[in-house]
Amino acid sequence: MNIGDVAQRAGLPPKTIRYYEDIGLITPLRDTNGYRRFRDSDLHKLAFLGRARALGFTIEDCRTLLALYDDKTRASADVKDLAQAHLNKIEDKISQLQSMRDTLSELVQSCAGDNRPDCPILSDLATGKH
């Protein structure tokens, strides 16, 4: 398969595939003319990477996950630990976003939104206090 075919089948842009090759996540074969020639195993890795990235795993996490996937002697605990650490980061981010939402909602509620210049939103942004 060429890069266009594999991009369509993996659901990834060719630019992303080239990037994954540049950083060593995949290593497609090269024809004598220098064109990439992707195998089914490359397509499988690209689909794996696409799914992992969609779940928010970092590139380094993806590198580790691919290594664990390829290691038939791996302990599932290693995979679970990596996924749990990522889940913890997501939960922390959700908590931060909920706090931001609550604060902003309170500020929006406290602003009259009329023609007066007084605005608690701007006051809070300027002072950190509302």
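Structure shown above.
The model shown is predicted, which means the values in this text are computed figures rather than measured ones.

Reading the values: the criteria
- Residues numbered from 1 in each chain as written.
- Predicted model: local features only at pLDDT ≥ 70, side-chain atom pairs only at ≥ 80, totals over all residues.
- Heavy atoms only, no water.
- Helix = DSSP H or I, 4+ residues; strand = E, 2+ residues; numbered from the N terminus.
- Rg over C-alpha atoms; globule rule 2.2 N^0.38 Å.
- Buried < 20%, exposed > 50% of the residue type's maximum accessible area, 1.4 Å probe, protein only.
- Contact = heavy atoms within 4.5 Å.
- Expected span 1.5 Å × (residues − 1).
- Salt bridge = Lys/Arg side-chain N within 4 Å of Asp/Glu carboxyl O.
- Phe/Tyr/Trp six-rings, centres within 6.5 Å; stacked < 30°, edge-to-face > 60°.
- Lys NZ or Arg CZ within 6 Å of the ring centre and 35° of its normal.

**Q** Please clarify how the overall build of the protein should be interpreted in this entry.
**A** Per the secondary structure count, the protein includes 6 helices and 2 strands. Mapped in sequence order, the helices and strands of the protein form the string α-α-β-β-α-α-α-α. Scaling as 2.2 N^0.38, a compact globule of 130 residues should have a C-alpha radius of gyration of about 14 Å, whereas the protein reaches 23 Å, well beyond that. A buried classification covers 23% of the 130 residues belonging to the protein. Of all intrachain contacts in the protein linking residues separated by at least 6 positions in sequence, the fraction that spans at least 24 positions is 40%.

**Q** Looking at this structure, I do not really get helix α4 (residues 59–70). What am I missing?
**A** Residue pairs three or four apart in sequence face the same way in an α-helix, which turns once every 3.6 residues. With 12 residues, α4 should cover 16 Å at 1.5 Å per step; its first-to-last C-alpha distance of 16 Å lies within 8% of that length. Taken as a whole, α4 has its buried residues at I59, D61, C62, L65, L66 and L68. Buried residues belonging to α4 abut α2 (14–22), α3 (40–54) and α5 (76–110).

**Q** Help me out: how do you make sense of the pattern of salt bridges in this one?
**A** Evaluation of the coordinates by the stated rule reveals 7 salt bridges. A salt bridge links R116 to D114; the shortest N-O distance between them is 2.8 Å. Residue D114 is classed as partly exposed on the basis of its relative accessible area of 39%. Among the charged side chains, a salt-bridge network with shared partners connects E21, R30 and R36.

**Q** Got a minute to help me understand the packing of aromatic side chains in this structure?
**A** Two numbers describe a pair of aromatic rings. These are the distance of the centres and the angle of the planes. Inspection of the entire model under this criterion finds 2 aromatic pairs. Consider the rings of Y19 and Y20, whose centres lie 6.1 Å apart with planes at 45°: the pair is tilted. The class for Y19 is partly exposed, based on a relative accessible area of 42%. With centroids separated by 5.3 Å and ring planes inclined at 50°, the aromatic side chains of F48 and Y69 adopt a geometry described as tilted. Of this pair, F48 sits in helix α3 while Y69 sits in helix α4; the two residues are 21 residues apart in sequence, bridging distant segments of the chain. A residue is classified by how much of its surface remains accessible, and Y69, at 34% relative accessible area, is partly exposed. If you follow K72 out to its NZ or CZ, it ends over the ring of Y69, 5.1 Å from the centre.

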